[in-house]
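As a plain string of letters, each chain reads:
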Amino acid sequence: MINTIIFDFGDVFIDLEKEASIEAFKKLGLNGPNEDLLAVNDLFEKGKISEMQFIETFFKYIPNATIHDVRHAWNASIGDFPLHRLEFLQLLSAKYRLFLLTNTDSIHISRFEHKVGMSFYSDFYRCFEKVYYSYEMGMRKPDPEIFNALIRKHDLSPKRTLFVDDKKSNTDVAESLGLHVWNLQVGTDDVIHLFDQKQLPF
């Protein structure tokens, strides 16, 4: 019997580059992310630069925008959270221990939530007993030691743990350690559809 589920694709549940934010930035004159913006975003998510330094980068590409404009456009993604996906996770968390390995970072989410008065992301993270971010887990490469450390730290039984990912290299490693594996080698939209339909392999 499965009693623990480890998810390794937080971006499937939460995508901080949702269409709502992309469209909001397009209206300000920014056609899409570029290497400069992505690099600065990575630094911001890791807490290496301030929110103001992060925002100032946008002004290079949308010089007529204001600080309010940039914050409003970025916040648009928060209002685009699918509640039924959260409800599904809440149902799962009532029955299983849930862990999340993810590249999606919450450092800046709490600031945005405070500004707009929403708690979708906080409610999402509450579904998990522990959330591990990529920089906490090394480079999140498929390394057996990462999974072994996770199993030891939380006293998990491989026979009772399900590992869910959409990358074969990750699921191969998990399977070699004796974990049950749900390998979703499909596109992001298909993965989201599976969860929206509340389909799990047990």
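Since the model is a prediction, treat every value here as computed from it, not as a measurement.

Engineer: Could you give me a rundown of the nonpolar core, with the residues and numbers involved?
Structural biologist: Core analysis: the biggest nonpolar cluster contains 22 residues, and Ile5, Phe7, Leu92, Leu98, Phe128 and Val164 have the highest contact counts within it. Listing elements by their share of this core, those giving two or more residues are strand 1 (4–7), helix 6 (83–93), strand 2 (97–102), helix 8 (120–126), strand 3 (130–133) and strand 4 (161–165). Ignoring anything within four residues of it in the chain, the contact list for Leu98 reads Ile5, Phe7, Leu89, Leu92, Ser93, Cys127, Phe128, Glu129 and Lys130.

Engineer: Explain the pairing of strand 5 (residues 180–183) to me, and be specific about the residues and the numbers.
Structural biologist: Here 4 bridges tie strand 4 to strand 5, and the two strands are oriented parallel to one another. Considered in strand 5, the bridge of Leu162 is made with His180. A crossover connection joins strand 4 to the parallel strand 5 through helix 10 (residues 168–176); in handedness this β-α-β unit is right-handed.

Engineer: Residue-level account of the sheet that holds strand 5, with values.
Structural biologist: Ordered in space as 3-2-1-4-5, the 5 strands form an open sheet in which the pairing is parallel. Both edges of this open sheet fall to strand 3 and strand 5, since each of them pairs with a single strand only. Each strand of the sheet is rotated relative to its neighbour by a mean of 15°, with strand direction disregarded. Bridge count between strand 1 and strand 4: 4 bridges; the pairing is parallel. Residue pairing for strand 4: Thr4 is matched across the bridge by Thr161.

Engineer: Give me the lowdown on helix 2 (residues 19–28), citing residues and values where you can.
Structural biologist: Taken together, the buried positions of helix 2 are Ser21, Ala24 and Phe25. With its buried residues spanning 95° around the axis, helix 2 presents them on a single face. Of the surrounding secondary structure, the elements contacted by the buried residues of helix 2 are helix 4 (51–58) and helix 5 (67–75). Directly beyond the C-terminal end of helix 2, a positive phi value near 105° is found at Gly29.

Engineer: So what's going on with the pattern of salt bridges? Which residues, and what values?
Structural biologist: Summed over all chains, the structure comprises 4 salt bridges. Arg97 is the partner of Glu129 in a salt bridge, and the nearest nitrogen-oxygen pair spans 2.7 Å. Residue Glu129 is located in the loop between helix 8 and strand 3, and its partner Arg97 is located in strand 2; the two are separated by 32 residues in the primary sequence. Residue class for Glu129 comes out partly exposed when judged on its relative accessible area of 44%. Between Asp172 and Lys168 there is a salt bridge whose closest N-O contact spans 3.0 Å. With Asp172 and Lys168 both in helix 10 and 4 residues apart, the pair spans about one turn of that helix.

Engineer: Describe in detail the side chain of Thr4, supporting the description with residues and values.
Structural biologist: Tracing the sequence through the fold places Thr4 in strand 1. Setting aside anything within four residues of it in sequence, one finds Thr4 in contact with Arg97, Phe99, Leu156, Arg160, Thr161 and Leu162.

Engineer: Go over the packing of helix 4 against helix 5 with me, naming the residues and quoting the values.
Structural biologist: Running from amino to carboxyl end, helix 4 crosses helix 5 at an angle of 95°, the nearest separation of the two axes being 10 Å. Taken together, the axes of helix 4 and helix 5 lie roughly perpendicular to each other. When helix 4 is examined against helix 5, the residues Glu51, Met52, Phe54, Ile55 and Phe58 are found in contact with a partner set consisting of Ile67, Val70, Arg71 and Trp74. Per-class residue counts for the contact of helix 4 with helix 5 are 7 nonpolar, no polar and 2 charged.

Analysis parameters
Residues numbered from 1 in each chain as written. Predicted model: local features only at pLDDT ≥ 70, side-chain atom pairs only at ≥ 80, totals over all residues. Heavy atoms only, no water. Core = buried A, V, L, I, M, F, W, Y, C linked by side-chain atoms within 4.5 Å. Buried < 20%, exposed > 50% of the residue type's maximum accessible area, 1.4 Å probe, protein only. Helix = DSSP H or I, 4+ residues; strand = E, 2+ residues; numbered from the N terminus. Contact = heavy atoms within 4.5 Å. Pairing = 2+ DSSP bridges. Right-handed = clockwise from strand over helix to strand, strands pointing away. Axes fitted to C-alpha atoms, helices over the stretch in contact; angles between N-to-C directions. Arc of directions from axis to C-beta. Salt bridge = Lys/Arg side-chain N within 4 Å of Asp/Glu carboxyl O. Parallel < 35°, antiparallel > 145°, perpendicular 65-115°, else oblique. Nonpolar A, V, L, I, M, F, W, Y, C, P; charged D, E, K, R; others polar.

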